[in-house]
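# A closer look at the structure
Here are the chains, one letter per residue:
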Amino acid sequence: MNPKLLEILVCPVCKGPLEWKKSASELVCKACRLAYPIRDDIPVMLPEEARTLNADEIHGKA
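I will try to describe carefully the structure that is included in this document.

### Examining the environment of R33
Examined against the element boundaries, R33 turns out to sit in the loop between β2 (26–29) and β3 (34–39). We classify R33 as partly exposed; its relative accessible area is 38%. Each C-alpha atom of the pair R33 and R51 lies 8.4 Å from the other, and the pair is 18 residues apart in sequence.

Written out as structure tokens, the structure is:
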């Protein structure tokens, strides 16, 4: 994930910051509890494509 791109991307729902989870190939918004997939090195920033995070993922236990 390009660090410059990560600096300008925000959650499309709340406009908050995103965290890159390299191992899961996702961009995570902890405020919205959503994880946006990265497919073929392209972030898919559509709320309907995001998955909901569980409590353990939010608190860093997963």
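### Describing unusual backbone geometry
In this structure, K15 is a non-glycine residue whose phi angle is positive, near 65°. Relative to the helices and strands, K15 resides in the loop between α1 (3–8) and β1 (19–21). A positive phi is found at D41, a non-glycine position, where the angle reads about 65°. You can see D41 is positioned in the loop between β3 and β4 (42–43). Judged by relative accessible area, which is 73%, D41 ranks as exposed.

### Details of the pattern of salt bridges
Under the defined criterion, the tally for this structure stands at five salt bridges. Here E19 makes a salt bridge to K21, at a shortest N to O gap of 2.7 Å. Note that K30 and E19 form a salt bridge whose closest N and O atoms lie 3.6 Å from each other. One end of the pair, K30, is in the loop between β2 and β3; the other, E19, is in strand β1, with 11 residues separating them in the sequence. When salt bridges that share partners are traced, they join E19, K21 and K30 into one network.

About the cut-offs
Residues numbered from 1 in each chain as written. Predicted model: local features only at pLDDT ≥ 70, side-chain atom pairs only at ≥ 80, totals over all residues. Heavy atoms only, no water. Helix = DSSP H or I, 4+ residues; strand = E, 2+ residues; numbered from the N terminus. Buried < 20%, exposed > 50% of the residue type's maximum accessible area, 1.4 Å probe, protein only. Salt bridge = Lys/Arg side-chain N within 4 Å of Asp/Glu carboxyl O.

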